[in-house]
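Listed below are the residues making up each chain.
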Amino acid sequence: MSSAQFPSIAVIADAHFHDLYGDYDFAGVEVSGLRMTARRLTDTVRSTRVFNESYFALRTALDKVVQRGIHQVILLGDYSDDGQVSTLGALGRLLDGYSEKHGLIFTAVPGNHDIFGPKGRHHAKRLLNPDGTYTIVASDSAFIDEDADGMVVTDKMYCEGYPQGLQMLPDLGFFRRSSDIHWETPFGQDDAPGKRVYPVRSADGTNDYQLMDASYLVEPVPGLWLLMIDANVFVPRDGDFERGDSGAFVDSTNAGWNGMLDHKRFVIDWMQDVATRAKNKGKMLLTFSHYPMLDALDGTHGDEGHLIGNTSAVKRTPSSEVAATMMDAGIRIHFSGHLHVNDTARVEKGSSWLINIAVPSLVAFPPAFKVVSFEERGLQVETIGIDEQIIDQTLNDQYRTEINLTGKMVGTMLDAADYGAFISEHVDQLVVHRYLRREWPKDIARILPMLTLGDLLTLSLIEQPVDIDATIILVHAERGRPETIVKIQALLADTDTGLEQFDKMTAQELLGDWYRLRMGSEMALDRISAARLKIYRVLIDIFAGSNAMTTGGAQAQFALMLRMMERYLSGLPSRNFIIDPATGRIEKV
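Residues numbered from 1 in each chain as written. Predicted model: local features only at pLDDT ≥ 70, side-chain atom pairs only at ≥ 80, totals over all residues. Heavy atoms only, no water.

### Examining the overall build of the chain
The test is simple: Secondary structure elements follow DSSP: runs of H or I no shorter than four residues count as helices, runs of E no shorter than two count as strands, and numbering proceeds from the N terminus. Two things to know: the radius of gyration comes from C-alpha atoms, and the globule rule equals 2.2 Å times the number of residues to the power 0.38. Between buried and exposed lies partly exposed: a residue is buried under 20% and exposed over 50% of the maximum accessible area for its type, with that area taken using a 1.4 Å probe on protein chains only. Contacts are assigned to residue pairs with any non-hydrogen atoms lying within 4.5 Å of each other. Neither His nor the chain ends is counted toward charge; the positive residues are Lys and Arg and the negative residues Asp and Glu. Taken as the charge centre is NZ of Lys, CZ of Arg, CG of Asp or CD of Glu, depending on the residue.
Each helix and strand in the chain was counted, giving 20 helices and 23 strands. Rg of the C-alpha trace for the chain: 25 Å, near the compact-globule value of 25 Å for 589 residues, within the 12% margin. Looking at the chain as a whole, 59% of its 589 residues qualify as buried. The contacts in the chain between residues at least 6 apart in sequence include a share of 71% that link residues at least 24 apart. Placing the 57 positive and 80 negative side-chain charges of the chain at their respective mean positions leaves the two points 2 Å apart.

If you want it as structure tokens, here you go:
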């Protein structure tokens, strides 16, 4: 079978499915004879993903897959909310229903939210009561929340470890299926969990384990090899712990492929062997894992470290050694999730090259998945949004009951016309409730709401470094000088813009679109008006052409921010594009 005859594949990342009407031994909110088990909007605006909407988002995505006549579906990890026993059971029933009714075949890799270590870990979630208060539902009574209106302790909230968490979803490819033409693991062709273990030990030698690795190679149709890598890395900590306790392991969240180089070299050796065999046998090889192999944020991690600090994104950036190792292993095209971003990254070394396609989440901006089609001229990748998903009014009403009680500010989320608008507004709320409070330096976070983009234009003209804390006073004083206004007018003379347009927007509003571009790349342009984008481009160009970076102070910090924004705007095609599998050339469609 030529590659052009392979069936299309849907790739869904980070669905984070939460069973909105699940059985967690909790009364919940009665809705038409059912019990709604909704998480709080108060928690949602602080989270990098929305929670309850995942119940509808996965169905919307799968319905679109069915409408396109696609049968092969890849789940790129974090397919569940947090791997809870009840959640995985509900997810399994949902996927089984699509398989039975529509013939969908699911093939998955695990993510850091789906499974944990050899014995799992406890979880607790705040679930809404009818009056807007909440009950904490936990798998362990040790969780304390003094503001909760009650507590339910249930094993159904527990996240299992290896292999139990995989065995709850036996038809996702982790174990051989009768329909598989070929199936193997780094350990051979035996799919028994006990035959797929490797040794790990803490640095002090006190804790050692045999852990399961769930990587596998599957050939679903003749000639197409899907290399599914379990890139979860659990490293035992030094010290005394109860055997298998979750606290005995470093969470895999930040490790990714950097951790794979240190702790799972045997998987990489096997990947090289698979790539060699695929080439010799004329197989089309695509690789999938939850974690990115390349920087999915347009090479901005260095600037981010200087501007914001050692953020989670900086910690999760794969090293250059990862790229070199993967190219040496013969890996060429890799799909990843985890970061909830839409991006395409490419590196090359001599005649080798590697492309990482970062697939966005269904429950973060922009809510979408990828479709891979095999054409005569190459591998075509299309991004399918689910923005038009309707807002569930029953859930919205419950949110309003909650917010009326708590007084939490949630912007226009509850007035969103559709899911896309809801998710886009969620970005602005993340800026307020998470990013500025948790990640950005406090001095910058404090002044962003008070600075207009006109103030930033003025700042670019000040030749002495300005301390962040003095920025507001000094910029406003500078704007009182007639000669400064003349300079600003000269800056804008050939841009078809005026100072009044810049003064209509705050730096905090810009930051919302900064994050949209960071997360969505070119897909963010659907949510940024042409007029606003024009203002941003002028501001970016003015700072790039100024001495702000060498001046230092607040000028350099905003110059870094705008330089990062420019890189988000100018990355490789990430929405619809074609890859030449022979050269790695990427062409926008």
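### Thoughts on the packing of aromatic side chains
In plain terms, the rule: The aromatic pairing rule takes the rings of Phe, Tyr and Trp, using the six-membered ring of Trp, and pairs them if the centres are within 6.5 Å, calling planes under 30 degrees apart stacked, those over 60 edge-to-face and the rest tilted.
Across all of its chains, the model carries 16 aromatic pairs by this definition. Centre to centre, the rings of phenylalanine 116 and phenylalanine 234 are 5.0 Å apart; their planes meet at 70 degrees, and the pair counts as edge-to-face. Of this pair, phenylalanine 116 sits in the loop between strand E5 (105-108) and strand E6 (124-128) while phenylalanine 234 sits in the loop between strand E13 (224-229) and strand E14 (235-236), and the two are 118 residues apart along the sequence. Phenylalanine 234 matches phenylalanine 116 in its accessibility class, with the two residues each being buried. On the basis of an interplanar angle of 20 degrees and a centroid distance of 6.0 Å, the ring pair of tryptophan 183 and tyrosine 216 is categorised as stacked. Taken together, the residues span a long stretch of sequence, with tryptophan 183 in strand E9 (residues 182-184) and tyrosine 216 in strand E12 (residues 216-221) at a distance of 33 residues. Each of the two residues, tryptophan 183 as well as tyrosine 216, counts as buried.

### Side note on the pairing of strand E18 (residues 343-349)
Quick note on the threshold: Strand pairing is defined by DSSP finding a minimum of two bridges between the two strands.
As paired elements, E18 and strand E19 (residues 352-358) share seven bridges and run antiparallel to each other. Each bridged residue has a counterpart across the sheet, and for aspartate 343 the counterpart in E19 is alanine 358. A loop of two residues connects E18 with E19, the two strands running antiparallel in sequence, and glycine 350 in this loop sits at a positive phi of about 65 degrees.

### So, the environment of alanine 10
Assignment of secondary structure puts alanine 10 in strand E1 (residues 9-12). Classification of alanine 10 as buried rests on a relative accessible area of 0%. Residues alanine 10 and glutamate 509, spaced 499 residues apart in sequence, show a C-alpha to C-alpha distance of 34 Å.

### Here's the deal with the sheet that holds strand E8 (residues 151-153)
Basically, it comes down to this: An axis is simply a line fitted to the C-alpha atoms; with a helix, the fit covers only the stretch in contact. Between two such axes, the angle follows the N-to-C directions and lies from 0 to 180 degrees.
One open sheet accounts for three strands, arranged E6-E7-E8; its pairing is mixed. With partners counted over all chains shown, the strands left at the sheet margins are E6 and E8, one partner each. Averaged over neighbouring strand pairs, the angle between their axes works out to 25 degrees when direction is ignored. The sheet contact formed by strand E7 (residues 134-138) and E8 spans three bridges and is parallel. Residue pairing in the sheet places isoleucine 136 in a bridge with methionine 151 of E8.

### Overview of helix H17 (residues 507-520)
Stated formally: A helix is expected to span 1.5 Å multiplied by its residue count minus one.
Taking 1.5 Å of rise per residue, the 14 residues of H17 would be expected to cover 20 Å, and the 20 Å separating its terminal C-alpha atoms lies within 8% of that figure. Here H17 lies mainly inside the structure; 12 of its 14 residues are buried. Along H17, the residues classified as buried are Ala507, Leu510, Leu511, Gly512, Asp513, Trp514, Tyr515, Arg516, Leu517, Arg518, Met519 and Gly520. Those residues of H17 hidden inside the fold are in contact with helix H7 (301-307), helix H8 (312-315), helix H11 (419-439), helix H13 (453-461), helix H18 (530-544) and helix H20 (553-569).

### Focus on the packing of helix H5 (residues 256-263) against helix H6 (residues 265-281)
The condition that has to hold: Convention used here: angles under 35 degrees read as roughly parallel, angles over 145 as roughly antiparallel, angles from 65 to 115 as roughly perpendicular, and any remaining angle as oblique.
Across the interface, H5 lies against H6 with an axial gap of 6 Å and an inter-helix angle of 95 degrees. Taken together, the axes of H5 and H6 are roughly perpendicular relative to one another. In contact with Trp257, Met260, Leu261 and His263 of H5, H6 contributes Arg265, Val267, Ile268 and Met271.

### Describing the pattern of salt bridges
Opposite charge on two side chains allows them to pair when their charged atoms are near. Using the following cut-off: Any Lys or Arg side-chain nitrogen located within 4 Å of an Asp or Glu carboxyl oxygen qualifies as a salt bridge.
Summed over all chains, the structure comprises 41 salt bridges. A salt bridge links aspartate 428 to arginine 516, with the nearest nitrogen and oxygen atoms 2.7 Å apart. With aspartate 428 in helix H11 and arginine 516 in helix H17, this pair connects stretches of sequence that are 88 residues apart. In this structure aspartate 428 comes out as partly exposed when scored by relative accessible area, which is 23%. We classify arginine 516 as buried; its relative accessible area is 4%. Sharing partners across several salt bridges, the network here consists of Arg39, Arg49, Asp81, Asp82 and Lys125.

### Regarding helix H2 (residues 54-67)
In this model, H2 (14 residues) spans 20 Å end to end at C-alpha, consistent with the 20 Å of a helix rising 1.5 Å per residue. Most of H2 is tucked away, with 10 of its 14 residues classed as buried. Of the residues making up H2, those classed as buried are Ser54, Tyr55, Phe56, Ala57, Leu58, Thr60, Ala61, Leu62, Lys64 and Val65. Within two residues after H2, glycine 69 carries a phi angle of roughly 75 degrees, on the positive side.

### Focus on the side chain of aspartate 213
Using the following cut-off: Polar contact is the term for a pair of N or O atoms within 3.5 Å; when the atoms are in protein, one must be able to donate a hydrogen and the other to accept it, and sequence-neighboring residues count only if both atoms are side-chain atoms.
One can find aspartate 213 in the loop between strand E11 (208-212) and E12. Note on aspartate 213: relative accessible area 0%, which makes it buried. Within the local environment of aspartate 213, its side chain forms a polar contact with the side chain of lysine 264, the two groups lying 2.7 Å apart. Those residues in contact with aspartate 213 that sit more than four places away from it in its chain are Pro186, Phe187, Arg196, Tyr198, Asp230, Lys264, Phe266 and Val267.

### Section: the nonpolar core
Test applied: By convention a nonpolar core is built from buried Ala, Val, Leu, Ile, Met, Phe, Trp, Tyr and Cys residues, the set being connected through side-chain atoms within 4.5 Å.
Core analysis: the biggest nonpolar cluster contains 153 residues, and Ile12, Phe369, Trp440, Trp514 and Phe558 have the highest contact counts within it. Broken down by element, the residue count for this core peaks at 10 residues, all from H20. Ignoring sequence-local partners within four residues, the contact set of tryptophan 440 consists of Leu307, Ile308, Tyr435, Ala445, Leu511, Trp514, Tyr515 and Met561. Among the nonpolar cores identified, the runner-up in size contains 29 residues, and Val233, Val235, Ile268 and Ala329 belong to it.

Spatial relationships are all this shows, so hold off on functional conclusions.
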